[in-house]
Amino acid sequence: LTGKLGDVFERLKRRGALSESDVQAVMREVRVALLEADVALPVVKEFITKAGEKAVGQEVLRSVTPGQMVVKIVHDQLVEMLGAEPEPVDLNAPAPVPILMVGLQGSGKTTTTGKLARRLTQRDKKKVLMASLDVHRPAAQEQLRILGEQTGVATLPIVAGEQPVSIAKRAMTVGRLQGYDVVMLDTAGRLHVDEALMAEVASVHDLVQPHEVLLVVDAMTGQDAVNVAKAFKERVGVTGIVMTRVDGDARGGAALSMRAVTGCPIKLLGVGEKMDALEDFHPQRIAGRILGMGDVVSLVEKAAETIEKDEAERLAKKMAKGDFDLDDMAAQLRQLRKLGGLGGVMGLLPGIGKMKKQLAGANIDEKQLAHQEAIISSMTKKERKDIKLLNASRRKRIAAGSGTTVQEVNRLLKQYQDMSRVMKQMGKSGMLKGMMGGLM
Ligand code: GDP
Ligand code: MG
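Residues numbered from 1 in each chain as written. Chains lettered and ligands numbered in written order. Predicted model: local features only at pLDDT ≥ 70, side-chain atom pairs only at ≥ 80, totals over all residues.

## Details of the overall build of the protein chain
Scanning the protein chain from N- to C-terminus turns up 20 helices and eight strands. Here the protein chain holds 440 residues, and 39% of them are scored as buried. Of the contacts formed within the protein chain by residues at least 6 apart in sequence, a portion of 79% connects residues at least 24 apart. (Helix = DSSP H or I, 4+ residues; strand = E, 2+ residues; numbered from the N terminus. Buried ≥ 20, exposed ≤ 12 C-beta atoms within 10 Å, placed from the backbone. Contact = placed C-beta atoms within 7 Å.)

Put into structure tokens, the structure is as follows:
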């Protein structure tokens, strides 16, 4: 083996780390992109600082420019802030599960109530009851009834003159008595957040203790939507956000502000007026939309893939040669530790499943890697190239020198023999060649 696995990584690294000025140059553009996407200024500032700190000093992948690298880091940070894990609507509560829909007038509450009820009914096979608590806008209750007819979802019969809290109470009773899984309560909105609106929502909230409080906000209203979200969160609590009109021109910046300011997960997106225009929230998609630099991101992702492939090829070639001494083993142990164990390295090689088992049989205990390195470094150069030299007294000396025991030294040598045997087998069987073919 000429050159160790470690050298490969060293060489890759030598492409250099991102400097402060690399990062700053790109951050200026990112800042403009975020502001254009209607992300709130304080959020932009905080984001730029965080992403910048993360980027400086990071290694630049081969075949991409430092600028492209920064964009990718920014993108990943954006995805993380938007919530990398999707958070679906949670129905994990005793039936009927109350879901309260809140928000300003015209934000899309009634439409979203219909969309979500339809989805829960058709996709999740839930028995859903919808009730409109909007006694302020003429024909609001009728609007929901018609949506129910269109989608085949039950609505609570309308009683003229009944007040919101009383409607909510009746809806929960009917839900319980008639075996509904979910009761969706569509509330009234106002043009602005005001005390009358909040008091009404709060009293309904106190009564039904909803399992989900979904705040519906219009993505087109940008920063206003964030202020609305703050107000609702403080007054009634919000368990999730639905952004509507994401089908319009809005670039989704409100999503980032919303998430950053309220900490509430964005659960759903409304992408049209039709009843099937409801999507789960995909942070990746929104991040791409906010940054508008999707091409750069996929370019860097491709470069990262290529490097993984290169590493795998180099590793395979080295193994194929089959001559493998204890120095190489020490280098590999170090590398294994860095890459999160044998599984990590082997995972890079396609078709390695069988070999992995064999190597696992060679009893490689990742926790002992440090001890093992110490043992190897206590050997002389000659001993490392030829373990046949290692008689009992030499083994004793090595154990003493490395602060280990003779048993541990023996175990390491046995492991080394196992490893080199497996590698020779791999070379002979032509499996490595097959694997290499698969890689190209
Ligand atoms: P509410 O006052 O909050 O109940 O709002 P509505 O549900 O009545 O919706 C107000 C208007 O917005 C209606 O014309 C809806 O069709 C429309 N709307 C709701 N959600 C969306 C959406 O995701 N995309 C688009 N383009 N229009 C929507
Ligand atoms: Mg409505």
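## Quick word on the site of ligand 1
Around ligand 1, a shell composed of 18 residues is seen, among which Gly108, Lys109, Thr110, Thr111 and Gly270 lie nearest. No other element matches the three residues that helix H5 (residues 109-122) contributes to the shell around ligand 1. Across the shell around ligand 1, the residue classes tally to three nonpolar, 11 polar and four charged. (Near = placed C-beta within 6 Å. Nonpolar A, V, L, I, M, F, W, Y, C, P; charged D, E, K, R; others polar.)

## Comments concerning the environment of Val70
Mapped onto the elements, Val70 comes out in helix H4 (residues 66-83). As for Val70 and Val56, which are separated by 14 residues in sequence, their C-alpha atoms are 8.7 Å apart. The residues touching Val70, leaving out its near neighbours within four places in the chain, are Leu18, Asp22, Val23, Val26 and Ala55.

## Details of the nonpolar core
One finds Met184, Leu185, Leu215, Ala229, Ile241 and Met243 to be the most contacted residues of the largest nonpolar core, which totals 88 residues. Examining the composition of this core, we find that seven residues originate from one element, H4, more than from any other. Mapping this core onto the domain boundaries places at least three of its residues in each of domain 1 (5-84 + 293-297) and domain 2 (97-281). Once you skip the residues sitting within four places of it in the chain, Ile241 turns out to touch Leu215, Val217, Ala229, Met258, Cys264, Ile266 and Lys267. Within the second largest apolar cluster, 12 residues are counted, among which are Ala330, Met379, Val409 and Met423. (Core = buried A, V, L, I, M, F, W, Y, C linked by C-beta atoms within 7 Å. Domains from an automatic or database assignment.)

## Regarding unusual backbone geometry
Apart from glycine, the bulk of residues carry a negative phi angle, and the bulk of peptide bonds sit in the trans form. Here Ala95 and Pro96 are connected by a cis peptide whose omega angle stands at -5°. Residue placement: Pro96 occurs in the loop between H4 and strand E1 (97-103). Phi angles above zero are rare outside glycine, and Lys125 is one such case at about 55°. Within the secondary structure layout, Lys125 lies in the loop between H5 and strand E2 (128-132).

## Quick notes on the confidence of the model for the protein chain
Reading fine detail from the predicted coordinates is not recommended where pLDDT is low. Chain-level pLDDT for the protein chain is 80 on average; 76% of the residues reach the 70-or-more range. Listed scores for the predicted complex are pTM 0.66 and ipTM 0.99. (pLDDT = per-residue confidence, 0-100.)

## Concerning the UniProt feature "domain: SRP54-type proteins GTP-binding" (unreviewed entry) in the protein chain
Mapped onto this structure's residue numbering, the UniProt feature "domain: SRP54-type proteins GTP-binding" (unreviewed entry) falls at residues 265-278. For residues 265-278, the helix share is 0%, the strand share is 43%, and the end-to-end C-alpha distance is 16 Å. (UniProt positions renumbered as here; feature names shortened; annotations may be inferred.)

## A closer look at the packing of helix H9 (residues 223-236) against helix H10 (residues 253-262)
Packing of H9 against H10 leaves a shortest axis separation of 9 Å and a crossing angle of 25°. The angle between the axes of H9 and H10 places the two elements in the roughly parallel class. Read as a crossing pair, H9 and H10 show a hand that is right-handed. Mapping the contact onto sequence places Gln223, Ala225, Val226, Ala229, Lys230 and Lys233 in H9 and Ala254, Ser257, Met258, Val261 and Thr262 in H10. When its residues are assigned to classes, the contact of H9 with H10 shows six nonpolar, three polar and two charged. (Axes fitted to C-alpha atoms, helices over the stretch in contact; angles between N-to-C directions. Parallel < 35°, antiparallel > 145°, perpendicular 65-115°, else oblique. Left-handed = near helix turned anticlockwise from the far one by under 90°.)

## Examining the sheet that holds E2
Spatial strand order, E3-E2-E4-E1-E5-E6-E7-E8: eight strands in an open sheet with mixed pairing. The open sheet terminates on both sides in strands that have one partner only, identified here as strand E3 (154-155) and strand E8 (278-280). Lying over the sheet, H9 contacts E1, strand E5 (212-218) and strand E6 (240-244), oriented at roughly 160° with respect to E5. (Pairing = 2+ DSSP bridges.)

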